[in-house]
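# Architecture and fold: a report
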Amino acid sequence: MPLLSALLVVPFVPLLPAQEAGYRLPPPEIVRILDAEPTPEVDFSPDARWMALLERPAMPSLADVVRPWVGLAGLRIDPALASERTVSFARALALRATAGGEVRRVELPAGARIDNVRWAPDGAHLAFTLATEGGLELWIAEAASARARRLATGLNGVLDEPFRFAEGGRSLVVRLVPEGRRAPEPARVPAGPAVQETSGTSTPLRTYQDLLADPASEALFEHLATAQLARIDVASGTLTRVGAPGLHADASPSPDGAYLLVTTLRRPFSYVLPASLFPHTIEVWAADGTRVRTVAEVPMGEHIPMEGVRTGPRSVQWQASAGATLVWAEAQDGGDPSRAAEWRDRWVALAAPFAGEPREIARLRQRARGLAWLQSGTRFLASEYDRDRRWVRALLFDLARPGAEPRVVEDRSQNDRYGDPGAPVTIVGPLGTRVVLEDGERIYRAGQGHSPQGPRPFLDRSELGGTSARLWQAAEGRYESFAGLARHGAEGLAILTSSESPSDPPNYQLRDLAAGTVTALTSFPDPTPEIRGITKELLKYRRADGVELSATLYLPAGYEAGTRLPLFVWAYPLEYVDPTTAGQVTSSPLRFVRLRGPSHLLLLTQGYAVLDGATMPVVGDPETMNDTFVEQIVGAAQAAIDAAVARGVADPARVAVGGHSYGAFMTANLLAHCDLFRAGIARSGAYNRTLTPFGFQSERRTLWEAARPYVALSPFFEAHRIQEPLLLVHGEKDSNSGTFPLQSERMYQAVKGNGGTARLVMLPGEDHGYQARESVLHTVAEMVDWCERFVKPEAIAPAEPREAAASPGER
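### Observations concerning the environment of Val-103
Inspection of the secondary structure assignment puts Val-103 in the loop between strand S6 (92-97) and strand S7 (104-105). Its relative accessible area of 47% is what places Val-103 among the partly exposed residues. Separated by 86 residues in the primary sequence, Val-103 and Val-189 place their C-alpha atoms 59 Å from one another. Each residue touching Val-103, except ones within four places of it in the same chain, is listed here: Leu-53, Ala-94, Leu-95 and Arg-96.

This is the structure in structure tokens:
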């Protein structure tokens, strides 16, 4: 009987072929490329006087990726660090004056793992955290001397960044692990079932992951996320605790440093929503932690309409151009974008001492997107977004002229990149906050300068609502971008730029626009000179329905003109309201070629041509555009292949397609609905849209409103039509909403069950993107081998015919 009992509880395991063990490596030349030391990251101080140089390894180790963490309330928490999970740390920090001089390395403990690097607003100091075995430590380095010192230990970064500068950089507001905290004892026996109930109200839910599940997980979340606020004086290092510990999701100091805006989560928690939608209280505290005013008691965010917003105060923030004035948005349409309304939003303001009612400072016909305060103090830009037209506007308001008609300074389709005037350039104002730089009735704008020939970044001086004068634009033949202001005012205008070409890595320069001089600030060498023979060009073509398309065509080093190569197409679908913006060019053939991570471009080293970023626009009414998703991506794929064939570089009989996330979804659909490709590679995708029933990507309808499109767009239901080999790769710990690892597992089983050819690779410890060296190299090895087996050969033996089942639409 004991033996029989044991046999009865053994789960059924189907017989499987022998599994491959261990991580694999791609060809040695690819390993060398991926292991090459990347150039340092450069971070300029707000006043552009100093440069911080951060060194990172090419890839984090698997040990960092699989460090223990817990998923709670939609967060991934590292209990040892009392912080949100991080897998990639910088290992060295150096400082150098922008004007020149030696690079000085900041002396830190051996094996330092650096994160959360932030400049003080005045540029005098640089703060950062070190991840240690004992927890998260706060350090600060003086820019002038490059000497660093530890300010605090035991920081808490679970719900928000662990520190923020205040008072222009003279102090820091930090979040600490409460003293004497004790972890809850795990229950040996469950206290009871987890119970949820709903009645009569609509609660459209996205497919969130890592949620709370029972009272024990609630207790653990509360334990790990509770933080003690404190203030640290930078000069003396004196630490003063502020208020009582709590689930403080935000603690923002006022520009004058006299107040704190504190958001604190409160019970009841939810088992179906993340922490960002938990009930919370928004309060203003005095510097000593005394509550001055409760701004809002915000309920659980379970009844927010699809693509809607909360009612009541939201986006509560400090006015950047005032010492202590609150501003926030309030929906005027019940937060429901589908409801007809003359006005959708308004902005209100309330100044210290925060008594009485707030005053309205702006009223918007569309949904508020954000505020940008001008340097002068009373004027601000309020952006709004029309979701039906996908249209953006920016309006100029003036607090000194209440009731005056706002001036329109931007009015265009969100997708119109050619018409983008650029983002307003900001500086650090006297209060230590970012404000828009003014020059009389003009501001400065920096943009990408998209055009049919590709982007040419620029800096303009723009009349507010009027014409613009171009001050600088990237030179032809190179890709240069605006990196910030170095100097402005009576001494003239100088800017920081980054300059690169297909053969030169990005390096920074100081451009004095008045004098016309250029000074090199960095001279980073090429980390991978062995791939410089790779060539790239912008390829423009047209879909059969007339929509203009483009892609970047890469050819391997040593390519001989006229040779037809196996082609790999990599793409990601995007949605557009009109075809003119769908065809706009966004890529540049002038960018430096970098091969990092599990990049499809590494196939260039194995003799493939690659069509990268092949545009796959889905054009139509936002409410119904997905009804023609399949037809449009098939048409775009056909046009891409035809263009590469017409260019004389691609063999149309040897083409593969691939994509990541929504691009993986696209890949599986292309294999199911056309015969253009020999094989496909789909990474971290979702293939059964009935498992994301409350919308996906830009789909606004629920499954119950549009069941047919949900099924028709799900390649899972068309698995019997996938005749070409499909490689599926997924991180076992994917946290992205909608792309549960189960999606790839079930897709593999569907293809296998219908007699198709597929391979499923589940990467231990990896999230939506793959980071560990072992995972990256293994993924590339799988991609190379898949293409070598099924794409590169001149001829492939035909597969055994199999009986086709009826598709859902034929039943």
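What follows picks up the thread again.
### Topic: the nonpolar core
Within the largest apolar cluster, 60 residues are counted, with the highest numbers of intra-cluster contacts made by Tyr-541, Leu-567, Leu-611, Phe-629, Leu-670, Phe-677 and Met-747. At 11 residues, the largest contribution of residues to this core is made by helix H6 (residues 629-646). Look past the residues within four positions of Leu-611 in its chain and what remains in contact with it is Leu-539, Ala-551, Thr-552, Leu-553, Leu-567, Phe-568, Val-569, Trp-570 and Ala-640. Formed by 35 residues, the second largest nonpolar core is a distinct cluster that contains Leu-604, Val-610, Ile-681 and Met-783.

### Regarding the pairing of strand S20 (residues 314-318)
Inspection of the sheet shows S20 paired to strand S21 (residues 325-331) by three bridges, in the antiparallel sense. Bridge assignment links Gln-317 to a residue of S21, and that residue is Val-327. Counting the residues between successive antiparallel strands, the hairpin from S20 to S21 contains six residues.

### Details of the pattern of salt bridges
A side chain with one charge can pair with a side chain of the opposite charge if their charged atoms come near. Throughout the structure, instances matching the rule amount to 62 salt bridges. A salt bridge links Arg-241 to Glu-179; the nearest nitrogen and oxygen atoms lie 3.0 Å apart. Residue Arg-241 is found in strand S15 (residues 239-246), and its partner Glu-179 is found in the loop between strand S13 (171-176) and helix H4 (215-225); the two are separated by 62 residues along the sequence. The exposure class assigned to Arg-241 is partly exposed, which follows from its relative accessible area of 44%.

### Overview of the packing of H6 against helix H7 (residues 662-673)
Where H6 meets H7, the closest approach of the two axes is 10 Å, and the angle between their N-to-C directions is 85°. As the angle between them shows, H6 and H7 are arranged roughly perpendicular. For the pair formed by H6 and H7, the contact residues are Phe-629, Val-630, Ile-633, Val-634 and Ala-637 on the first element and Tyr-662, Phe-665, Met-666, Asn-669, Leu-670 and His-673 on the second. Residue classes in the contact of H6 with H7 are distributed as nine nonpolar, two polar and no charged.

About the cut-offs
- Residues numbered from 1 in each chain as written.
- Predicted model: local features only at pLDDT ≥ 70, side-chain atom pairs only at ≥ 80, totals over all residues.
- Heavy atoms only, no water.
- Helix = DSSP H or I, 4+ residues; strand = E, 2+ residues; numbered from the N terminus.
- Buried < 20%, exposed > 50% of the residue type's maximum accessible area, 1.4 Å probe, protein only.
- Contact = heavy atoms within 4.5 Å.
- Core = buried A, V, L, I, M, F, W, Y, C linked by side-chain atoms within 4.5 Å.
- Pairing = 2+ DSSP bridges.
- Salt bridge = Lys/Arg side-chain N within 4 Å of Asp/Glu carboxyl O.
- Axes fitted to C-alpha atoms, helices over the stretch in contact; angles between N-to-C directions.
- Parallel < 35°, antiparallel > 145°, perpendicular 65-115°, else oblique.
- Nonpolar A, V, L, I, M, F, W, Y, C, P; charged D, E, K, R; others polar.

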